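Inside the fold
Below, each chain spelled out in residue letters.
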Amino acid sequence: MTFDLNILPAPKQAALSIHFLVVGGGIAGLSCAIALSRVGHRVTVLERLRSHQEATGGCRMPPNLSKVLYHWGMEKDVLKIGLKSAGIELILYETGETLGQHTWDEEALRETRGEFIFCHVGPPSFSIDDWLSSSYHLLTRYFPNQHSDLLQLLHETAESLGVKIRMGVSVTGIDPESRRVKLASGEILTGDVIVGADGVNGVSRRLLELDDEEPVHRFNCYSTVTPKSIAMQDPELAPLFETGANRMFSWFGNSHANLSYPIGVGEREAIAMYTYGPKDGKEGGWTDVSDVSGLKKYCSTAESRLRKLAALSPNPPACLPVLSFPELEDWVHDSGRLIVVGDAAHPIPAGAIQDSAMALEDGAVLAKLFSHLRTEDQIETLLYAFQDLRQPHCQKVSSKELHDINFMCMPPGEMQEGRDNVMRAKRDAGLNVLDASSDQEEQAEWAEIKDVFGYDAEDDADNWWMEWGLLRERARGTDVAGGHVQPVAVMQGVSQAYTP
């Protein structure tokens, strides 16, 4: 796929340009790289994987994510890899009864300045005959994923901005005091600031985690993709690909749930699935494959469409633990030169709608803050400002996402019956199932979702600067006439170790 890569310049450039070493080239790492480059900094990204294709699953881009990419000038490229979502259908897991539908309010979406996008999947072209061939199963270990298309777009965008990306390199050690990163090869790299975007199990987080408190683990999530060319062979599955609908499907069940949505265009159309159930001991990571028997067992109590989708996927699923981590108290190392972002800072439950958004917003906020960098002694202050801005918001969103999984997996009982009956009443009245009615309030879950959709990470960072950043500059005697720091000549950064 060819991208336009017409990236808009940031309205403000940093007066002091420094070198950021980003450990991890996932969504968080690449987003930081793009955003920091846009404001004039130099960035090197170090990624363990050799290719962005080494994973499986789907990716949703809610309005609070897409608005940032649109602001960066990436709207055309985003729409090349994604489908605009029209709404959601809520279904009972065991029986297939539709509890109701909800169509996104166009006016509400316009107010968010973003769109809800189902990101494009990028599998190789294959036919039903390929699927029936046993050799095809052996030859295709991985089904290239939606994340890979988003990652590829972010990767190419970063490189177009001059970011140096090194794939297939493992970071074995970080010394924040000396701002050095050691690779498995023995090579040492030095920067001015180290950004740890290497996940919850990465080297960066271990430098900040002071206790060994275990995360709470109740559920696992199986992630897989079923191509349309295969699913359409079954007339019961064909309506899932209804032309122009682009709905997300949410199945609620007894300790089980499923989120599915269409992805791709043309021969690349497919449906992505996240299936939740009690932990079964088969969990791994996004790049690990699991035996399909676990997914089939989860779906054994489900309605026929889910059982069929679980059986039809041509590749093994990934099985991910749904974990609730204790909050990481410090995101900034005592040296003032290392910060963690993405899952390294605020792990979010597997399959969460806001998974990619939280990671990308981190990059947007970090760059907005560092667009104001003009002296070296500001670095630590800006890193702590990032934590102050992001930590409470990310904690709130992560808790909400975990609550939503529990809401979908609610066991039989009075609360479950109340949930279902409220939706049935709105369905029978011809209403959007999550909206308020004359005698029913708006679903609390939907109100919280709308609030997150409307969040603007870059505005949040701008507000911090106007309220607190300028105050600090005034205290230092800096000229802030007109509400901003008077520009100075752009200086090349502190570190001399960077080689473009």
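Shown above is the structure to which this text applies.
Bear in mind the structure is a predicted one, so any value in this text is a computation, not a measurement.

How each quantity is defined
Along each chain, numbering runs from 1 in the same order as the chain's sequence is written. Selection of residues for local features in this predicted model requires a pLDDT of at least 70, selection of side-chain atom pairs for listing and counting requires 80 or more, and totals for whole chains, interfaces and linings are taken over all residues. Excluded from the side-chain calculations are hydrogens and water; all other atoms, namely the structure's heavy atoms, are used. Think of a salt bridge as a Lys or Arg side-chain nitrogen and an Asp or Glu carboxyl oxygen that are within 4 Å of each other. Helix and strand labels come from DSSP, where a helix needs a run of H or I of at least four residues and a strand needs a run of E of at least two; each type is numbered from the N terminus. Relative accessibility under 20% of the residue-type maximum defines a buried residue, over 50% an exposed one, and the middle range a partly exposed one, all with a 1.4 Å probe and only protein chains included. Here is the rule: rings of Phe, Tyr and Trp (six-membered ring for Trp) pair when centre to centre is within 6.5 Å. Planes less than 30 degrees apart are stacked, more than 60 are edge-to-face, and the remainder are tilted.

Let us now look at the pattern of salt bridges. Taken as a whole and assessed by the stated rule, the structure comprises 22 salt bridges. Between Lys80 and Asp4 there is a salt bridge whose closest N-O contact spans 3.3 Å. With Lys80 in helix α3 (residues 75-81) and Asp4 in the segment before β1 (19-23), this residue pair connects regions lying 76 residues apart in the sequence. Between Arg390 and Glu361 there is a salt bridge, with the nearest N and O atoms lying 3.0 Å from each other. Remark: Glu361 occurs in helix α12 (residues 355-370) and Arg390 occurs in helix α13 (residues 379-408); sequence separation between them is 29 residues. Like Glu361, Arg390 is buried. One salt-bridge network, in which partners are shared between bridges, spans Glu97, Arg424, Arg427 and Asp428.

Turning next to the packing of aromatic side chains. Within this structure, the stated rule accounts for 13 aromatic pairs. A ring pair is formed by Phe249 and Trp251, whose centres lie 6.1 Å apart and whose planes are at 35°; its orientation type is tilted. For Phe249, a relative accessible area of 2% corresponds to the buried category. Residue Trp251 is classed as buried on the basis of its relative accessible area of 0%. An aromatic cluster is built from Trp104, Phe116, Phe118, Tyr261, Tyr274, Trp286 and Phe453, whose rings are joined through pairwise contacts.

These figures capture arrangement, not role.
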